[in-house]
Amino acid sequence: MSKDLSVDVSPESLKEDGRPKWDNKFQYILSCIGFAVGLGNVWRFPYLCQIHGGGAFLIPYFIALIFEGIPLLHLELALGQHLRKGSISAWNTISPYLGGVGVGSWMVSVLVSLYYNTVLTWVMWYFINSFQEPLPWSVCPLNENRTGLNEECYESTAVNYFWYRKTLNITPDVTENGTLQWWLVLCLAACWGIVYLCTIRGIETTGKAIYVTAIFPYLVLTIFLIHGLTLPGATEGLAYLFTPNLNILKNPHVWLDAATQIFFSLSLAFGGLIAFSSYNPPKNDCEKDAVTVAIVNCMTSLYASIPVFSVLGFKATTGYWDCLDRNIISIINKFDLPEQSIVRQNYTTWIRLLNSSYPEKIAGLKLKSCDLQEFLDQSVSGTGLAFIIFTQAVILMPGSQAWAILFFIMLFSLGLSSMFGNIEGVFTPLLELQIISKSTPKELISGIICLISFLIALCFTLGSGSYWIDIFDSYAGSLPLLVIAFFEVIGVAYVYKIKRFSKDVKWMTGRNPNLYWQITWRYISPLLLLIVFVAFVTLQIQKSPSYGAWNPKYEDFPMKEEKVYPPWVLAICVLLAVFPCIFVPLVALFHLIKRMLGSKDPSSVPPEVFSCQGANSNFPHPKI
């Protein structure tokens, strides 16, 4: 087993290691919050609350936060701060056998950065178009002959048409690539250009940009909150969101969704948090930082839910009123009644009366069933919420242009601050591996990373690009993170050893980790991760992987056509899920073979299996 390498050294003997440093503590906390708080807080958390029993979802959500989210967040921040290294170097320091954990998290950061910035490309395209009057997604264009409305738009909606045809120009099948969409290529280049300018010198530049990208979304959310609460139907939307349905807690899917949402929302296992905390001074209360970031992240999700569902309640109420108004006009015309004789308030009474007196006439009208609950039940998350449901609601608001501009600036800021963490998870390990000469300017390295990423991400601007983004999100940005996080907590708890890790934390914070941290790190967090992993894989195996294709020739259009992935696409799905994980056993196997071969040489001294070389040499602490 590994030896305790702690030595008696006073803090004054700590030497500068040449690493950049945060300007202040607030800048560091903002960077961690900006990385953790992303698009998912606005467009996924409210959706999960909506479909999983409203306020009842908060019960498994906070349980997962306490026993999974906060312990893992503390572990990553403490690890980076103590070892003063990025993800790959940090895990190599703990044990060469765990080097694959760092390589795996680096690979996930690369893959996620590629598609995440393409989502920002869509946001930028909508932002640019928000300056038009009227908003381009509010009306259907004319057909080629200019004799009527465009057929695809007329059969769906103007909002759907602008998203699927004018933005994505989507193909009807994942196997049909289509062509590069020049408007998306230009926006993608602009997005990577902005990321480059903000990350040109690592935290020296992102630390400045984060003041805007992390704080501005809260300002916009507050503006939307104030305006949203004044909209008709806002109360119904909030009541629908937060009314608890405790019976739904019997459904294991609710607990699985809560655990995965907490995990992905805090941006665990990407390597970005380890990189961020590695720029801290060694004497810093990382425990307090972890709790602060986790609580702010969760409170942001709750805070964002209020304006989101105020607006969705407004949209549902408007849709419900439109439904009633159409029925009222039909009844008035059929029975030749005076105008204003039937209004929304007395509609139900009139329907009951006419149904009893003239049932055949009412049946012949084929009136639509108008139920507010059905309109509220139209749940959607992700791009569907941002680019379809929310944009549709914005059209109905007075001053729709201003609200559209604000909304898409907010989304861009949220996404950009998360991109800083992703890029830092890629950038920091590359600098530390000494693959690149130290004399190479950081600006050049950043430029090369962003240029290569841009060229690879061009595939997402094809007609089939949105299908591939869904694949990357479902496979590269999910399962590998669970595997990496599991080995992270196992590596610290059972390889590096909790006793030594606790000494490190005490040296940094001035107090021993209490019983809560000890139990969660040793038992609860790894067990929860294992359960979530098994449940996640089981669910994936049970259902045949499929996708919804936008096909105007589909007989049930504008419903999406449900299609099964062809074998070669399934192979890519499996590759994306397995590729980052495979480095964990491969690196361990490489070092094991290297050790076995080295032991055959009598002149060589075999290394410790669980070496902690340098773990305490950079920032040693007094023996306790």
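Predicted, not measured: the structure shown is a model, and the values here were computed from it.

Asks: In this structure, what is going on with the UniProt feature "binding site: Na(+)" (unreviewed entry) in the chain? I would like to understand it.
Replies: The UniProt entry lists Gly 34, Ala 36, Val 37, Asn 41, Ser 265, Asn 297, Leu 414 and Ser 418 under the feature "binding site: Na(+)" (unreviewed entry), expressed in the numbering used here. Separation in sequence by 385 residues is not matched in space for these annotated residues, since their most distant C-alpha atoms are only 12.4 Å apart. Mapped onto the secondary structure, Ser 265 falls in helix α12 (residues 252-265). Residue Ser 265 is classed as buried on the basis of its relative accessible area of 7%. Ser 265 has contacts with Ala 36, Asn 41 and Asn 297, leaving out every residue within four places of it along the chain. Within the secondary structure, Ser 418 is located in helix α19 (residues 400-432). Given a relative accessible area of 4%, Ser 418 falls into the buried group. Setting aside residues up to four positions removed in sequence, Ser 418 forms contacts with Gly 34, Phe 35, Val 37, Gly 38 and Tyr 116.

Asks: What's the story with the state of the cysteines in this structure? I'm lost.
Replies: Such a bond, covalent and formed between the sulfur atoms of two cysteines, is termed a disulfide. Considering all chains together, one arrives at two disulfides under this definition. In this model, Cys 140 is linked to Cys 153 through a disulfide, with the two sulfur atoms separated by 1.9 Å. Taking the sign of the S-S torsion, about -85° here, the bridge from Cys 140 to Cys 153 comes out left-handed. Here Cys 140 is found in the loop between α6 (99-129) and α7 (151-155), whereas its partner Cys 153 is found in helix α7, with 13 residues between them in sequence. Accessibility expressed as a relative area gives 21% for Cys 140, which makes it partly exposed. Disulfide pairing is shown between Cys 323 and Cys 370; the S-S distance is 1.9 Å. Where Cys 323 bonds to Cys 370 through sulfur, the torsion about that S-S bond is close to -80°, and the disulfide is left-handed. Remark: Cys 370 occurs in the loop between α16 (359-365) and α17 (372-376) and Cys 323 occurs in helix α14 (residues 286-335); sequence separation between them is 47 residues. The two residues Cys 323 and Cys 370 agree in class, both being buried. Sequential numbering of the bridged cysteines in the chain gives the disulfide pattern 1-2, 3-4. Free of any disulfide, Cys 191 has its nearest neighbouring cysteine sulfur in Cys 187, separated by 6.6 Å.

Asks: Got a minute to help me understand a nonpolar patch on the surface in this structure?
Replies: Residues Ile 59, Ile 63, Ile 66, Phe 67, Leu 246 and Trp 255 make up a contiguous nonpolar surface patch of about 500 Å² in total accessible area. Ranked by residues supplied to the nonpolar patch, first place goes to helix α4 (residues 58-83) with four residues. On the secondary structure map, Leu 246 appears in the loop between α11 (234-242) and α12. In this structure Leu 246 comes out as exposed when scored by relative accessible area, which is 53%.

Asks: Looking at this structure, I do not really get helix α21 (residues 465-476). What am I missing?
Replies: Structurally, the α-helix is built with 3.6 residues per turn, so residues lying three or four positions apart point the same way. With twelve residues, α21 ought to run about 16 Å at 1.5 Å a step, and its terminal C-alpha atoms sit 15 Å apart, in line with that. Burial analysis of α21 places nine of its twelve residues in the buried class, which makes it a mostly covered element.

Asks: What should I look at first to understand empty space enclosed by the protein in this one?
Replies: Take a probe with the size of a water molecule and roll it over the atoms, and the empty space left behind shows itself. Within this structure, the stated rule accounts for five cavities of 30 Å³ or more. In this structure, the largest cavity encloses a volume near 100 Å³. Those elements that provide at least two residues to the lining of the largest cavity are α14 and α17. When residues of the lining of the largest cavity are assigned to their parent elements, the largest contribution, four residues, is made by α14. The volume enclosed by the second largest cavity comes to roughly 50 Å³. Every residue lining the second largest cavity is listed: Val 42, Leu 221, Phe 224, Ala 304, Pro 307, Val 308, Phe 390, Phe 407 and Met 410. Every element with two or more residues in the lining of the second largest cavity is listed here: α10 (203-230), α14 and α19. Looking at the lining of the second largest cavity, the element that brings in the most residues is α14, giving three residues.

Asks: Would you take a moment to explain the side chain of Thr 317 for this structure?
Replies: Of note, Thr 317 is situated in helix α14. Side-chain polar atoms of Thr 317 contact the backbone oxygen of Gly 313, separated by 2.8 Å. The residues contacting Thr 317, other than those within four sequence positions of it, are Pro 232, Gly 233 and Leu 372.

Asks: Whenever I open this one, the pairing of strand β2 (residues 561-564) confuses me. Can you help?
Replies: Here is the key point about a regular strand: its side chains alternate between the two faces of the sheet. Taking every second residue as pointing to the same face, the buried face of β2 carries Glu 561 and Lys 563, while none of Glu 562 and Val 564 on the other face is buried. Sheet topology places strand β1 (residues 546-549) next to β2; four bridges connect them, and they run antiparallel. Of the residues in β2, the one forming a bridge with Ser 546 is Val 564.

Asks: Would you mind going over α11 with me for this structure?
Replies: Residues of α11 that are buried include every one of Ala 234, Gly 237, Leu 238, Tyr 240 and Leu 241, and no others. Buried positions in α11, seen along its axis, are confined to an arc of 160° and lie on one side of it. Packed against the buried residues of α11 are α3 (45-51), α10, α14 and α17.

Asks: Hey, could you run me through the packing of aromatic side chains in this one?
Replies: Given two aromatic rings, their pairing is described by the distance between the two centres and the angle made by the two planes. What the rule picks out here adds up to 45 aromatic pairs. Their ring planes at 75° and their centres at 6.1 Å tell us that Phe 224 and Phe 407 sit as a pair that is edge-to-face. Taken together, the positions of Phe 224 in helix α10 and Phe 407 in helix α19 put the pair 183 residues apart, joining distant regions of the chain. This pair shows no difference in class: Phe 224 is buried, exactly as Phe 407 is. One cation-aromatic arrangement involves Lys 361 over Tyr 358; the distance from NZ or CZ to the ring centre is 5.5 Å. Sitting above the plane of the Tyr 496 ring, Arg 500 keeps its charged end 4.9 Å from the centroid.

Asks: Help me out: how do you make sense of the packing of α10 against α14 in this one?
Replies: The packing of two helices is summarised by the inter-axis angle and the distance between the axes. Orientation of α10 relative to α14, taken along the N-to-C sense of each, is 35°, at an axis distance of 8 Å. Once α10 is placed against α14, the crossing between them reads as left-handed. Along its contact with α10, which presents Tyr 218, Leu 221, Thr 222, Phe 224, Leu 225, Gly 228 and Leu 229, the element α14 presents Val 296, Thr 300, Tyr 303, Ala 304, Ile 306, Pro 307 and Ser 310. Within the contact of α10 with α14, the residues separate by chemical class into ten nonpolar, four polar and no charged.

Asks: It is not clear to me how the pattern of salt bridges should be interpreted in this structure. Could you clarify?
Replies: Opposite charge on two side chains allows them to pair when their charged atoms are near. All chains considered together, the criterion is met by ten salt bridges. In this structure, Glu 443 engages Arg 201 in a salt bridge whose closest nitrogen and oxygen atoms are separated by 2.9 Å. A residue pair is termed long-range when its members are at least 10 positions apart, and Glu 443 in helix α20 (residues 442-457) and Arg 201 in the loop between α9 (182-199) and α10 qualify at 242 residues. Judged by relative accessible area, which is 30%, Arg 201 ranks as partly exposed. Between Asp 325 and Arg 344 there is a salt bridge, with the nearest N and O atoms lying 2.9 Å from each other. A residue pair is termed long-range when its members are at least 10 positions apart, and Asp 325 in helix α14 and Arg 344 in the loop between α14 and α15 (347-357) qualify at 19 residues. Residue class for Arg 344 comes out partly exposed when judged on its relative accessible area of 34%.

Procedures and definitions
- Residues numbered from 1 in each chain as written.
- Predicted model: local features only at pLDDT ≥ 70, side-chain atom pairs only at ≥ 80, totals over all residues.
- Heavy atoms only, no water.
- UniProt positions renumbered as here; feature names shortened; annotations may be inferred.
- Helix = DSSP H or I, 4+ residues; strand = E, 2+ residues; numbered from the N terminus.
- Buried < 20%, exposed > 50% of the residue type's maximum accessible area, 1.4 Å probe, protein only.
- Contact = heavy atoms within 4.5 Å.
- Disulfide = S-S within 2.5 Å.
- Patch = residues over 30% accessible without salt bridge, like charges linked within 9 Å, V, L, I, M, F, W, Y side chains within 5 Å.
- Areas by Shrake-Rupley, 256 points an atom, 1.4 Å probe, with all protein chains shown as cover.
- Salt bridge = Lys/Arg side-chain N within 4 Å of Asp/Glu carboxyl O.
- Expected span 1.5 Å × (residues − 1).
- 1 Å grid on protein atoms, 1.4 Å probe; cavity = no way out; pocket = protein on both sides within 12 Å on 5 of 7 lines; lining within 4 Å.
- Points joined across faces, edges and corners; volume = space filled by probe spheres on them.
- Polar contact = N/O pair within 3.5 Å; in protein donor to acceptor, adjacent residues only side chain to side chain.
- Pairing = 2+ DSSP bridges.
- Arc of directions from axis to C-beta.
- Phe/Tyr/Trp six-rings, centres within 6.5 Å; stacked < 30°, edge-to-face > 60°.
- Lys NZ or Arg CZ within 6 Å of the ring centre and 35° of its normal.
- Axes fitted to C-alpha atoms, helices over the stretch in contact; angles between N-to-C directions.
- Left-handed = near helix turned anticlockwise from the far one by under 90°.
- Nonpolar A, V, L, I, M, F, W, Y, C, P; charged D, E, K, R; others polar.

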